Structures are given as structure tokens and as C-alpha cells.
Amino acid sequence: MNLHEYQGKQILASYGVRVQRGYVAHNAEEAVAKAKQLTEETGTGWHVIKAQIHAGGRGKGGGVKLAKNLDQVKEIAGQIIGMDLITPQTPPTGKRVHKVLVAEDVYYPGESETKEFYMSVLLNRGKGRNMIMYSTEGGMDIEEVAEKTPHLIFTEEIDPSVGLQGFQARRIAFNLGLSGEAFKEMVKFVGALYNAYIGSDSSMFEINPVLKTSDNKIMAVDAKVSLDDNALFRHVDLAEMRDVTEERPIEVEAKEAGLNYVDLDGTVGCMVNGAGLAMATMDLIKYAGYEPANFLDVGGTADAKRVETAFRIILKDPNVKAILINIFGGIVRCDRVAQGVVDAYKNMGDAIKVPIIVRLQGTNAEIAKELIDNSGMPILSAVQFQEAADQVKVALS
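Residues numbered from 1 in each chain as written. Predicted model: local features only at pLDDT ≥ 70, side-chain atom pairs only at ≥ 80, totals over all residues. Heavy atoms only, no water.

J.: Which residues make up the pattern of salt bridges, and what values go with them?
T.: Evaluation of the coordinates by the stated rule reveals 24 salt bridges. For Arg-58, the salt bridge identified is with Glu-5, shortest N-O distance 2.9 Å. One end of the pair, Arg-58, is in the loop between strand E2 (47-51) and strand E3 (64-67); the other, Glu-5, is in helix H1 (residues 5-14), with 53 residues separating them in the sequence. Among the charged side chains, a salt-bridge network with shared partners connects Glu-5, Lys-9, Lys-50, Arg-58 and Asp-222. (Salt bridge = Lys/Arg side-chain N within 4 Å of Asp/Glu carboxyl O. Helix = DSSP H or I, 4+ residues; strand = E, 2+ residues; numbered from the N terminus.)

J.: Can you tell me about the UniProt feature "binding site: ATP" (unreviewed entry) in the protein, naming the residues and giving the values?
T.: Here, the residues flagged by UniProt with the feature "binding site: ATP" (unreviewed entry) are Lys-50, Gly-57, Arg-58, Gly-59, Val-106 and Glu-116. Within the fold, Lys-50 resides in strand E2. If we ignore the near neighbours within four places in the chain, the residues touching Lys-50 are Glu-5, Lys-9, Gln-20, Arg-58, Gly-63, Val-64, Lys-99, Val-100, Leu-101 and Val-221. Once you skip the residues sitting within four places of it in the chain, Glu-116 turns out to touch Tyr-107, Thr-136, Glu-137, Gly-138, Gly-139, Pro-209, Val-210 and Leu-211. Separated by 2.5 Å, the side chains of Glu-116 and Tyr-107 make a polar contact. (UniProt positions renumbered as here; feature names shortened; annotations may be inferred. Contact = heavy atoms within 4.5 Å. Polar contact = N/O pair within 3.5 Å; in protein donor to acceptor, adjacent residues only side chain to side chain.)

J.: Give a description of the nonpolar core that names residues and reports values.
T.: Nonpolar side chains in soluble globular proteins generally cluster together in the buried interior. Leu-12, Met-119, Ile-132, Met-186, Phe-189 and Phe-205 are the most contacted members of the largest nonpolar core, which has 38 residues in total. Those elements that place two or more of their residues in this core are H1, strand E7 (115-124), strand E8 (129-135), helix H5 (166-175), helix H6 (180-199), strand E10 (202-212), strand E11 (218-220) and strand E12 (224-227). Top contributing element to this core by residue count: H6, with nine residues. Excluding residues within four positions of it along the chain, Phe-189 makes contact with Val-17, Arg-18, Met-119, Val-210, Ile-218, Met-219 and Ala-220. In terms of nonpolar packing, the next biggest core, distinct from the first, is built from 35 residues, Ile-250, Phe-311, Cys-334 and Ile-352 among them. (Core = buried A, V, L, I, M, F, W, Y, C linked by side-chain atoms within 4.5 Å. Buried < 20%, exposed > 50% of the residue type's maximum accessible area, 1.4 Å probe, protein only.)

J.: An account of the environment of Thr-267 is requested, with residue identities and associated values reported.
T.: Mapped onto the elements of the fold, Thr-267 is located in the loop between strand E13 (260-263) and strand E14 (268-272). Given a relative accessible area of 28%, Thr-267 falls into the partly exposed group. Not counting the four nearest positions on each side in its chain, Thr-267 is found in contact with Glu-291, Pro-292, Ala-293, Asn-319, Val-320, Lys-321 and Ala-322.

What follows is the structure in C-alpha cells.
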């Protein structure tokens, strides 16, 4: 589950991480009120207006701007709220901005120059360890830094049995070229950031930039956070931060129906039981020369109601030209799935206007094929994997 910047900062602040302070506003007038409040509390004269969407690169798309007075706060907030913000991480049509973060200006003049760093905490799945990735090149696309100057990216792997050690936090601060008070601040920052990552059961914390201010404070100016969905039962307060307006409506509907669904860009809809078989099915479609329109795992049960719900969700994608149902009859018998497909087809009537290919393998697979073939429905059946691929080609040729 992805969070907005302001939500990520709330988590960070609760673990003692210094963050750029700010308030959320949903319209221009509220933005001005929040700016006044922020000035009273922090003394900031300028304000940064930031679009709140689940995507990076907001500044490049015009979603982050500096306001030097309250008139500009109102003007900029009015421009950003309601815009369709296009960044390298949004769909081509962009994402609609519903709110902004009015934040304090932290690039004030002082005894030293400000510096921007990159830092993220995530899981190294290959080694089964958490990892802190960091660089002196903050504020830039880390992918570009990795490609052009890989020697400027450092990693610190953390043994989960002992956690982050003090010498590791100090090594990070040293590699970032810090000294004196800024060095001490960075050591505390790294420790608090890692505690926030572990304590919130996150899958990723990305801070870009981590700022060294002109008076040697270390703070998070941005926060990109992804929470582990499987751990949300332990964090009811964090689960409530979910913003469904930032998610694709079709995926929200599928989740509410208990289906594991991911929207893709192809033309062949998939309905499968089991994530591994779903991945293999998508490979099958690609080998047949087509692209999958979705990932959909119906789980261990595939009765008529569940199959019908899956049909309706898949068919909401106008790009779908055929649907491939690939079920392994282990937990559920193939003949029950076949009957569910037939019943769902009858219930939906003329709503299904694309070819359906059903491949059932496992318990009672032969009975299932007979049910499909004798149903009188225009459903193509298959038993072998390659046979299913051939049927997809026939249906779309």
C-alpha cells in the first residue's frame, strides 16, 4: 500500500526522524490558512506547495513550486489542485491532484551550504536482509545516478537478527562526507529511519532528498513509502491511510471482491487460480504472440458467483479481446469450476462478447472438458498448456 508524502512524514516523525514540516490543504483558501499557521509555528517566510499523488517526479511535471508570499500560495495551490499531473511514474494521461502539502522552506541561508543526499531502506530479497541504499547525489533520479555514476551509490546490509549497528550508521555518515554536528545528526537520522521502516512493517522507505541544512540539521524533505499489505492487520491506524482515489478503480473493486487483480496493457484477459500458475499463464500468452491484459488470481475457490465477478471485472477493460481461464484442480475440482464457468456465462447473457478459452487440468479434468464441450456455449476448451496457447491464436486470428 503506497502512502502520500505527508503520510510518510507522519510515520517518520513518530519515530523521531526530523522532517520538513507542513500541512495538507484541499483548496486554495485552505492552503493560505495552513501557510499562515505554518509561519506562526516555524517562522518560515516562504512556502513549498507540493502536489500529493502516488508518483515520483512531481517537480518535473510542475507539481512542486515555491511560493514567496501568501498571494503566490493561493495562486500556485489553485493551479496544482485539480490538475492532471504527468510525471515519468504516472499513466500518459496523468493523475488528478486532489490535495497539496504546504511545507516550510528549509533551504534558508546559514553558516554552511545545504547538501542533498539520497537514502532508501528496502529488502534485499536475494540475501534475505534489509538494506540501506544511499548516495551523495540526492534530488536526482537514482536510476540515472546508478547508470552514469554507480560508484556514488553505497549500500549497507543489515542482519535482521541483530538490527542496525552503530558502526553502520557512522559508516553511512562518513561515506556521505559529513563531519562535526552534521555527522552526529546523520547517525541519529539513519537509526530513526531504520526504526520507522521496521516498526511500520514497510516494504520501502525512500527519502529523496535527505537534506543537510545550512545549520547542519539532517531532515527528510520528501518521503515515498510503501507498506507491506500482508502486515496491515497489525497496523489498523496505517491501514486507514489508504487513499483509494490514487488506485485504479478496477483494482479497488477486485480487492473488495477478494480477488488478486493487477491491471496490465494487453488484450488477453486471464483468470487463474494460484499466483505461480498466473505468471506461467501470462508467459504462455506472450509466447503465443500476445500480451496479457491483467493478472487475476481467483484463489482456491472458483464457484459460479466468483467466476462471474471475475468475468465482469476483466470485461471492464475495453482492450480485452479474449479471456483465457487456466485452472488447476487441486483444492477445487475441475468439474465444479467448469460448471461455474457455464453458469456464469448463462447469467451474464450478452455481456460476454469476446472468445473464452478454458484450460482445466487436475481432478476431474476430463469430466470438466465434457461439461464445457456439451454446454452449448461458445467456449473453447483445452487440456494441455500448448493447446490453450493454440486456442488463443485461433480465437484472435
